[in-house]
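A structural walkthrough
Given next are the chains, with one letter for each unit.
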Amino acid sequence: MGSFVLASPLRTPRAAAWEAHSLTQLTDGRFELGLGTGLPTMRQAADELGLPYGSGQDRLDQVSETIDHVRRLDGAAHTPVMIAAGGPKARRLAAAKADIVALAGGALTTRAEMAGHVEEIRAAAGARADDLELSHNIFVVGDEAPPWISRFLGGLDAKTLIERDSLTVLTGDLDTMAAELERRRDELGVSYFTVNSAFVEEFAPLVERLTGK
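In short, a report on the structure. (Residues numbered from 1 in each chain as written. Predicted model: local features only at pLDDT ≥ 70, side-chain atom pairs only at ≥ 80, totals over all residues. Heavy atoms only, no water.)

Here we look at the overall build of the protein
Defined as follows: The way it works is that DSSP assigns letters per residue, a run of H or I at least four long becomes a helix, a run of E at least two long becomes a strand, and they are numbered from the N terminus. When we talk radius of gyration, it's over C-alpha atoms, and the globule rule is simply 2.2 Å times the number of residues to the 0.38. Burial here depends on accessible area, computed with a 1.4 Å probe over protein chains only, as a share of the maximum for the residue type. Under 20% is buried, over 50% is exposed, and the range in between is partly exposed. Any pair of residues with heavy atoms lying within 4.5 Å of one another is described as a contacting pair.
For the protein, the count of helices and strands is 9 helices and 8 strands. A compact globule built from 213 residues would reach a C-alpha radius of gyration of about 17 Å, and the protein, at 18 Å, matches this within 12%. Counting only C-alpha atoms, the protein reaches 45 × 40 × 35 Å along its principal axes. Split into buried and exposed, the 213 residues of the protein put 42% on the buried side. Relative to all contacts within the protein whose residues are 6 or more apart in sequence, the contacts with residues 24 or more apart total 70%.

Written as structure tokens, this is what we have:
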């Protein structure tokens, strides 16, 4: 189980670390902590909680500090940490401190651009590069996207995303989608895919097909 990505300004680093460590203990080490700097909409949520939103660097520093607290709490049960890394600074931090790096480019980030981000992360990680797990989020499975997903992706509909070969989309028949996931593993090193809950049933046959491969 995991949080996927908690927005750093909505918790103090110590509180977030304590919650994560507690869940690691309660789940016998099956909890995974996801962290990111948050979307711009998080500013209002931070205001409601009476917490500072801070600059981009402030929020990234909070992510780093949270991980430091988690590591101090770690005992026999290590809490894996995922960082959503959308920019150069986040990629460098993820390379230095994360167990899992969620590649968080824009909806129209090209394959070549994403490959460049991966190389940047691996170069920054140095000796620990082979220990990192790379993750990517798939927003749409098939050839239609609910309106709320299109809005989240900047107003882009599924047709446009497919035409632009967006990595946020997985489309085609079962064989085609399975081959595409294997391609992303081979070309980008991504072995951890997350899928929007709206498409769990569409994605389930792929899990069965690719388990163990």
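Structural notes on unusual backbone geometry
Working note: non-glycine residues mostly have negative phi, and peptide bonds are mostly trans. One non-glycine residue, D28, adopts positive backbone phi at about 55°. By the element assignment, D28 lies in the loop between α1 (13–26) and β2 (33–36). The phi dihedral of D165 falls on the positive side, at around 55°, and the residue is not glycine. You can see D165 is positioned in the loop between α7 (158–163) and β7 (169–170).

Focus on the packing of helix α8 (residues 174–188) against helix α9 (residues 200–210)
To keep it simple, the criterion reads: Axis definition: a line fitted to C-alpha atoms, over the contacting stretch in the case of helices. Angles run 0 to 180 degrees between N-to-C directions. Each helix crossing is assigned a hand: it is left-handed if the near helix lies turned anticlockwise from the far helix by less than a right angle, otherwise right-handed if that turn is clockwise.
The interhelical angle for the contact between α8 and α9, taken along N-to-C directions, is 65°, at an axis separation of 10 Å. Here the hand of the crossing between α8 and α9 comes out right-handed. Touching L174, D175, M177, A178, L181 and E182 of α8 are F203, P205, L206, R209 and L210, all from α9.

Concerning the sheet that holds strand β5 (residues 133–138)
Stated precisely, the cut-off is as follows: Note: two strands are recorded as paired if DSSP finds a minimum of 2 bridges between them.
Read across the sheet, 6 strands follow the order β1-β2-β3-β4-β5-β8 without closing on themselves; strand pairing throughout is parallel. The open sheet has two edge strands, β1 (6–7) and β8 (190–195), and neither has a second partner. Sheet analysis places β2 next to strand β3 (residues 81–85), joined by 3 bridges and oriented parallel. Paired with L35 across the bridge in β3 is I83.

Looking at the packing of aromatic side chains
In plain terms, the rule: Working definition: rings of Phe, Tyr and Trp (its six-membered ring) pair if their centres are within 6.5 Å, and the pair is stacked with planes under 30 degrees apart, edge-to-face with planes over 60 apart, and tilted otherwise.
For the structure shown, the criterion picks out 1 aromatic pair. With 5.5 Å between their ring centres and 35° between their planes, F139 and F152 make a pair best called tilted. Taken together, the residues span a long stretch of sequence, with F139 in the loop between β5 and β6 (140–141) and F152 in helix α6 (residues 147–152) at a distance of 13 residues.

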